[in-house]
Amino acid sequence: MHLRGCLLLLTASVLWGTTFVAQILGMEGLGPYTYAALRFAIGTLSIWVLWYLYRSKRASDQRAGTFRSGFRAGIPVGLAMFAGVTLQQVALLYTTAGKTAFITTLYIVLVPIAAALLGQRVRALQWCGALLAFAGLYFLSAHGVLTLNRGDVLSFVSSFFWVAQILLIDRYARAVDAIELCLMQMLICTLGNAVLAALYETCGWADVWQAALPILYAGILSCGVAYTCQILGQAYVAPTQASVLLSLEAVFAAVSGWLVLGETMSGIQLLGCGLLLGGALVAQLRGRELRPAG
């Protein structure tokens with residue numbers, strides 16, 4: 001089951017990483033809030049279809065008394081994800097995508113710290129994997145960039161909301177219906193971004209039509225499939241290991257940018273990819289557990 005969880009989280013990383021290209025193409029004519037509202041709306045519709053198809057199994061579990069709805073649990077998860085997504089989008093107005101990716105994925109280090117503070121056991125190899133992946137992200141995204149601005153601060157704040165999202169999913173994934181949990185977080189992100197788009201952006205149907213393919217790709221695969229894979233995967237994988245696997249999104253983003261957009265990677269960035277992959281492998285090894293003091 002642990003292997004199954006790792007494969008699900010790796011699938012989420014691949015889909016999120018390749019969606020980076022779709023975001024660049026989709027936001028050529030759309031504002032970030034409008035694009036996000038549309039992609040999460042498609043994601044909500046995708047998860048609703050899945051929720052509808054599983055209605056018979058859900059009814060059977062309800063009769064057996066083994067079903068627990070995920071709608072209520074999805075509210076705090078959705079709010080954390082909405083805050084993280086929104087802060088990332090605003091940060092991109094002031095800083096580069098590479099620095100945003102690096103600072104946001106500080107959750108690789110913050111997740112094991114938070115997990116330890118909450119009394120969870122964190123293995124020594126998981127700490128090593130997290131630190132190795134953190135070094136990889138630095139070389140991949142922010143090597144040689146030392147200045148900070150408003151966007152960097154917003155990216156840093158967003159990382160705490162991603163920590164909250166990962167830990168909340170770890171808390172609820174085994175206890176409630178995963179489809180309903182994912183559906184609620186998609187709905188919250190849709191409504192939140194729709195409100196922001198209505199307040200701060202304007203767009204025409206021609207712009208939406210032009211961005212239809214990137215919106216559909218991000219909506220169905222990134223939102224609908226990837227977030228479902230995250231919730232299902234975290235039911236079998238510890239949050240520290242999950243955060244390292246999810247951070248591989250940066251590698252897949254770099255590779256997809258190279259294949260589709262023609263972006264190049266330096267030797268330092270390739271080293272960063274190698275360290276990230278190494279960190280992900282180390283974090284999955286079994287080793288001595290570090291127990292919190294007390």
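The structure under discussion appears in the preceding block.
Calculation notes
Residues numbered from 1 in each chain as written. Predicted model: local features only at pLDDT ≥ 70, side-chain atom pairs only at ≥ 80, totals over all residues. Heavy atoms only, no water. Core = buried A, V, L, I, M, F, W, Y, C linked by side-chain atoms within 4.5 Å. Buried < 20%, exposed > 50% of the residue type's maximum accessible area, 1.4 Å probe, protein only. Helix = DSSP H or I, 4+ residues; strand = E, 2+ residues; numbered from the N terminus. Polar contact = N/O pair within 3.5 Å; in protein donor to acceptor, adjacent residues only side chain to side chain. Contact = heavy atoms within 4.5 Å. Phe/Tyr/Trp six-rings, centres within 6.5 Å; stacked < 30°, edge-to-face > 60°. Lys NZ or Arg CZ within 6 Å of the ring centre and 35° of its normal. Salt bridge = Lys/Arg side-chain N within 4 Å of Asp/Glu carboxyl O. Axes fitted to C-alpha atoms, helices over the stretch in contact; angles between N-to-C directions. Parallel < 35°, antiparallel > 145°, perpendicular 65-115°, else oblique. Left-handed = near helix turned anticlockwise from the far one by under 90°. Nonpolar A, V, L, I, M, F, W, Y, C, P; charged D, E, K, R; others polar.

Chemist: Report on the nonpolar core, specifying residues and quantitative values.
Modeler: If you look at the biggest cluster of nonpolar residues, it comprises 62 residues, and the most contacted ones within it are F40, M81, Y107, M186 and Y227. Per element, the largest residue contribution to this core is 11 residues, and it comes from helix α9 (residues 178-200). Residues A22, V208, A211 and I215 belong to the second largest nonpolar core, which totals 7 residues.

Chemist: Could you give an account of the side chain of T228, with specific residues and numbers?
Modeler: Checked against the element boundaries, T228 lands in helix α11 (residues 212-233). Residue T228 is classed as buried on the basis of its relative accessible area, which comes to 11%. At 2.6 Å, the side chain of T228 and the backbone oxygen of G224 are in polar contact. If near-sequence neighbours (up to four positions away) are discounted, T228 is found in contact with I47, C182 and C223.

Chemist: Mind laying out the packing of aromatic side chains, listing which residues take part and the relevant values?
Modeler: Applying the stated criterion across every chain yields a total of 4 aromatic pairs. Pairing W16 with Y227 gives two aromatic rings, centres 4.9 Å apart and planes at 55°, and the pair type is tilted. Taken together, the residues W16 in helix α1 (residues 2-26) and Y227 in helix α11 connect sequence positions 211 residues apart. You'll find W16 and Y227 in the same group, each marked buried. With a centroid separation of 6.4 Å and an interplanar angle of 50°, the aromatic rings of W51 and F71 are classed as tilted. Here W51, found in helix α2 (residues 32-53), pairs with F71, found in helix α4 (residues 71-91); they are 20 residues apart in sequence, far enough to count as distant. Taking relative accessible area as the criterion, W51 reaches 22% and is therefore assigned partly exposed. Note on F71: relative accessible area 29%, which makes it partly exposed. Across from the ring centre of Y52, 4.1 Å away, lies the NZ or CZ of R55, which sits over that ring.

Chemist: Could you give me a rundown of the pattern of salt bridges, with the residues and numbers involved?
Modeler: One pass over the full model with this rule turns up 3 salt bridges. Between R58 and E180 there is a salt bridge, with the nearest N and O atoms lying 3.9 Å from each other. Of the two residues, R58 sits in helix α3 (residues 55-64) while E180 sits in helix α9, which places them 122 residues apart along the sequence. Note on accessibility: R58 and E180 belong to one class, buried.

Chemist: Residues and numbers for the environment of G267, please.
Modeler: On the secondary structure map, G267 appears in helix α14 (residues 267-284). A relative accessible area of 55% places G267 in the exposed class. Distance in space between the C-alpha atoms of G267 and F139 is 9.5 Å, their sequence separation being 128 residues.

Chemist: If you had to explain the packing of α2 against α11 to someone new, which residues and values would you point to?
Modeler: Contact pair α2 / α11: the axes reach a minimum separation of 7 Å and the direction vectors enclose 55°. As judged from the angle between their axes, α2 and α11 are oblique. α2 and α11 meet at a crossing whose hand is right-handed. From α2, Y35, L38, R39, F40, I42, G43, S46 and I47 reach across to α11, where they touch P214, I215, L216, A218, G219, I220, S222, C223, G224, Y227 and T228. Split by residue class, the contact of α2 with α11 holds 12 nonpolar, 6 polar and 1 charged.

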